[in-house]
Amino acid sequence: MTCKYGKHCCLYPGSFDPVTLGHLDIIRRAAGIFDTVVVGVLHNPDKQGCFSVEQRMDMLKRACEDIPNVEIIAWPGLLARLTQKTGIRVVVRGVRNGADLDSETTMAHINGQLDPGLETLFLPAAPGLADVSASMVRQLAQFGADISNYVPSQVLPDVLAAFDKP
């Protein structure tokens, strides 16, 4: 099956709750490699969401508005089912450390079993972004810390508003 997004496309899946500068760095780097980067907002049942899928998609669209070869989609099920449906053959994953690499490698093996021939490309976190995670951003925001160095400026007001205490 040919990828419906073009010959050279990839999927960058995640919960993006919220999108961080680390996520945006991986998206930009993947956009320099592939003709189309499909950013998939997936539901992770192991994570308690702060923002709705619609809010996350909106934040991603605004953060990526200057990257013309990015498509934002939502998917409620298994990643491997999405790649089968779209014909995407490469999944891009960012890794911040050895623990990320271990867990992402396991997921790559499982996804490859569910969708034979699916490849996973690991991109290491850029220097200065290896400690940035959405859960860390949520925790800092909850306690009123400055998160401006961790989230794209286009979505900073949204994240701050979500944690604004009366």
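Above this text you will find the structure in question.
All figures in this text were calculated on a predicted structure; none of them were measured in a lab. Residue numbers here run from 1 along each chain, matching the order of that chain's written sequence. At least 70 in pLDDT is required for a residue's local features to be given in this predicted model, at least 80 for side-chain atom pairs to be given and counted, and no such filter applies to totals for whole chains, interfaces and linings, which use all residues. Where side-chain values are given, they derive from all heavy atoms of the structure, hydrogens and water being excluded.

Visitor: Looking at this structure, I do not really get the overall build of the chain. What am I missing?
Guide: Counting secondary structure elements, the chain contains six helices and five strands. Labels follow the DSSP assignment, with helices taken as runs of H or I lasting at least four residues and strands as runs of E lasting at least two, numbered in each case from the N terminus. What you see in the chain, going N to C, is helices and strands ordered as β-α-β-α-β-α-β-α-β-α-α. Relative to the compact-globule value of 15 Å for 166 residues, the chain shows a C-alpha radius of gyration of 16 Å, a close match. Projected onto the principal axes, the alpha-carbon positions of the chain cover approximately 50 × 30 × 30 Å. Accessibility here uses a 1.4 Å probe with only protein chains present; expressed as a share of the type maximum, an area under 20% marks a residue as buried, one over 50% as exposed, and anything in between as partly exposed. The proportion of buried residues among the 166 residues of the chain is 46%. Note on definitions: a residue-residue contact is assigned when non-hydrogen atoms from the two residues lie within 4.5 Å. Residue pairs in contact within the chain that sit at least 24 positions apart in sequence constitute 77% of those at least 6 positions apart. Only the protein chains shown count as covering a residue, and every accessible area follows the Shrake-Rupley method with a 1.4 Å probe. Total accessible area computed for the chain in this model is approximately 8,800 Å², and 54% of it derives from carbon and sulfur atoms. On the chain, the mean spot of the 15 positive side-chain charges and the mean spot of the 18 negative ones are 5 Å from each other. Values of the radius of gyration come from C-alpha atoms, whereas the globule rule sets the reference at 2.2 Å times the count of residues to the power 0.38. Neither His nor the chain ends is counted toward charge; the positive residues are Lys and Arg and the negative residues Asp and Glu. Where a charge sits is defined by one atom per residue type, namely NZ (Lys), CZ (Arg), CG (Asp) or CD (Glu).

Visitor: When you look at the environment of Arg56 in this model, what are you seeing that I'm missing?
Guide: As for its placement among the helices and strands, Arg56 is situated in helix H2 (residues 53–63). Measuring from C-alpha to C-alpha, the distance between Arg56 and Val41 comes to 7.5 Å, with 15 residues separating the pair along the chain. Excluding residues that lie within four positions of it along the chain, Arg56 makes contacts with Ser15, Phe16, Asp17, Val41, Leu42 and Phe51. Of note is the side chain of Arg56, whose polar atom sits 2.8 Å from the backbone oxygen of Ser15. Engagement of the side chain of Arg56 in a polar contact is seen with the backbone oxygen of Phe51, the distance being 3.0 Å. Nitrogen and oxygen atoms within 3.5 Å of one another constitute a polar contact, given that in protein one can donate a hydrogen and the other can accept it, and given that sequence-neighbouring residues count only through two side-chain atoms.

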